[in-house]
Amino acid sequence: MKKLTKKFLAFLLVLLALASWNIEVARGEVSEAKLAEINELWQGSAHAMVGANCSSCHQDSETKELVLRPTYESCRSCHEEETNTFLLGKHGIRLLEGETPLTPSLARLPMKASALSKSMTCNTCHDVHSVDTFTAAVDSCLSCHNDRHSLNYKNSKHAELVAKEGKLPRPSSESVTCATCHLPRYEAISIGAESKVQANHNNTYTLKPRDRMVKDVCMQCHGMEFSYNSIFDDELVEANFDRPPNQDLKTLEMVRTLKEKRSSQSSLGQNHPDITSQQAIWQLRLPYYIHQDRVRILKQALFQTGFRMENAFAKEQEKQS
Ligand code: HEC
Ligand code: HEC
Ligand code: HEC
Ligand code: HEC
Ligand code: HEC
Ligand code: HEC
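Since the model is a prediction, treat every value here as computed from it, not as a measurement.

Looking at the nonpolar core
Most often, soluble globular proteins have nonpolar side chains that are buried together. Judged by nonpolar contacts, the single largest core of 13 residues is most densely connected at Ala136, Ala137, Val138, Val162, Cys178 and Ala179. Of all elements in the fold, only helix H9 (134–137), helix H12 (157–165) and helix H13 (178–182) reach the threshold of two or more residues within this core. Here this core gets 3 residues from one element, more than from any other, and that element is H9. Setting aside its immediate chain neighbours within four residues, alanine 136 contacts Cys125 and His126.

Below, the structure written as structure tokens:
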């Protein structure tokens, strides 16, 4: 009974919102066909399942007025972490500073000519109505980025892994998308609530120092030596890891570079100026064990999301047939 009422309520809310939208349609803002299309995308989305409906985003919380094109602020009340991390990276920092959004025309890196005036915000990567996370992880990036590293991703074993999975609601824990490396998943722990695996939307977090990516990303799947040999091979990075590494960094050499990096870049180095090689190796291993544990938690979380989405798709198909 409770479930039914809830469903009915959600239905009513959609109707209500759609009725208000008709006013806009009458003003010639959006076509009926466009509205129907939006409604369909939303119906199949994670948002429909959790009851985040048209008015959750399109209604100003204070004035109660309808907003035709909401900004990223409309996402914030429910996605605090994603919004905060997004605003800290190169993609979002202009918004944080109250400037116009980042566009490819402002870039130093090569960008697709067709994307020069595209503004960066949440819905540049996610279709806001289907809230897609799979397209967001590779295809969306390639709609703007046009450098050799980005373009050559498609020739890597990592891309093969993703292609093999076919269309999923979310990239799985076994695949390596652009986002796996640049918007890495982490376990967000909020006080009083269950911890949750989320994507760190700060796209520059793993760039520097480079060994941050080794620790947070590569070592979830690869060994330490393989990871370091790959990531410190500039030519291989530029080619987006389309072959095995052919350099063989000597362990002690690695440790020495790390030691230098640490002492110049992090407080850890300053606190332990006399760090021995043995200790340095252990400091490398520790994160590895922690990450093994994270992989396990991540797999559980993804399984649950996948399961929820599959259920929703099955129900949708049942309705249609
Ligand atoms: C998760 C938040 C969210 C939900 C839920 C949502 N929208 Fe939107 N909608 C947006 C955002 C953000 C934009 C602005 C997109 C842009 O600027 O490109 C938008 C744009 C639109 C537009 C303008 C499209 C255009 O091409 O100009 C219409 C119409 C619309 N939404 C209708 C709806 C309807 C109807 C629903 C419910 C079935 C809905 N939206 C649910 C966030 C949402
Ligand atoms: C009323 C609360 C609410 C608002 C507002 C809202 N969301 Fe969500 N959204 C949720 C919940 C709940 C989920 C499901 C749990 C999760 O993945 O965090 C979700 C899931 C998502 C997902 C993941 C979908 C998936 O398949 O796993 C994306 C992407 C997303 N939202 C983007 C947005 C964007 C972009 C906006 C703003 C335009 C927005 N949301 C506004 C509540 C909201
Ligand atoms: C709307 C176009 C657009 C989309 C979509 C986009 N980016 Fe970007 N990205 C940019 C622009 C513009 C910059 C700034 C480049 C510069 O300053 O030269 C940037 C910067 C970056 C940087 C930092 C580069 C540096 O050296 O500081 C990374 C990493 C990055 N993007 C990765 C991604 C990934 C991964 C995706 C997809 C998940 C993505 N981008 C989607 C436009 C986009
Ligand atoms: C396996 C991990 C991995 C994958 C997958 C990956 N990248 Fe990168 N990316 C890196 C590393 C490592 C760097 C170099 C970081 C540095 O500057 O030291 C980098 C650098 C970049 C830069 C900055 C380039 C520059 O010259 O400043 C951009 C932009 C970028 N990647 C976009 C993408 C896009 C788009 C995709 C997917 C098509 C992608 N990356 C896939 C690891 C990855
Ligand atoms: C550069 C592209 C890009 C931008 C910009 C972006 N996202 Fe995402 N987002 C992704 C990708 C890719 C994933 C899925 C990552 C994965 O699972 O590997 C994701 C996942 C999510 C999720 C699912 C939960 C999670 O954290 O994994 C939510 C919610 C979300 N994004 C909300 C937002 C909001 C809100 C904004 C704006 C403040 C935003 N996103 C901007 C690419 C983007
Ligand atoms: C989710 C697991 C996963 C993550 C994370 C991951 N990889 Fe991979 N990587 C793989 C798999 C699986 C292969 C394919 C292995 C094969 O077919 O031999 C691969 C292949 C490679 C190859 C090419 C090997 C070849 O034979 O062509 C390189 C280089 C590589 N990864 C480097 C990295 C680096 C560097 C990182 C971190 C920035 C990283 N990978 C992150 C799983 C991962």
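Continuing now.
Describing the site of ligand 5
Close to ligand 5 lie 24 residues, the nearest being Cys75, Cys122, Cys125, Ala179 and Gln198. Elements represented by at least two residues in the shell around ligand 5 include exactly helix H6 (80–88), helix H8 (122–125), H9, H13 and strand S2 (196–199). For the shell around ligand 5, the per-class residue count stands at 11 nonpolar, 10 polar and 3 charged.

A closer look at the confidence of the model for the chain
Of all residues in the chain, 69% attain a pLDDT of 70 or more, and the chain-wide mean is 80. At the level of individual helices and strands, the chain shows its lowest average pLDDT in helix H18 (residues 267–271), which scores 43, and its highest in helix H11 (residues 148–152), which scores 98. pLDDT under 50 marks residues 267–290. Its contacts with residues more than four places away, or in other chains, come to 17 contacts.

Regarding the site of ligand 6
If you check the shell around ligand 6, you find 20 residues, and the closest are Lys157, Cys218, Cys221, Ser230 and Phe241. For the shell around ligand 6, the secondary structure elements donating two or more residues are H12, H13 and helix H15 (224–231). Considered class by class, the residues forming the shell around ligand 6 number 11 nonpolar, 6 polar and 3 charged.

A look at unusual backbone geometry
For the bond from lysine 208 to proline 209, the omega torsion is -10°, close enough to zero to count as cis. Considering the arrangement of structural elements, one finds proline 209 in the loop between S2 and helix H14 (211–216). In this structure, valine 131 takes a positive phi of about 35° despite not being glycine. In this fold, valine 131 is placed in the loop between H8 and H9. In this model, phenylalanine 241 sits at a positive phi of 60°, which is unusual for a non-glycine residue. As for its position among the elements, phenylalanine 241 is in the loop between helix H16 (234–238) and helix H17 (251–265).

Thresholds applied
- Residues numbered from 1 in each chain as written.
- Chains lettered and ligands numbered in written order.
- Predicted model: local features only at pLDDT ≥ 70, side-chain atom pairs only at ≥ 80, totals over all residues.
- Core = buried A, V, L, I, M, F, W, Y, C linked by C-beta atoms within 7 Å.
- Buried ≥ 20, exposed ≤ 12 C-beta atoms within 10 Å, placed from the backbone.
- Helix = DSSP H or I, 4+ residues; strand = E, 2+ residues; numbered from the N terminus.
- Contact = placed C-beta atoms within 7 Å.
- Near = placed C-beta within 6 Å.
- Nonpolar A, V, L, I, M, F, W, Y, C, P; charged D, E, K, R; others polar.
- pLDDT = per-residue confidence, 0-100.

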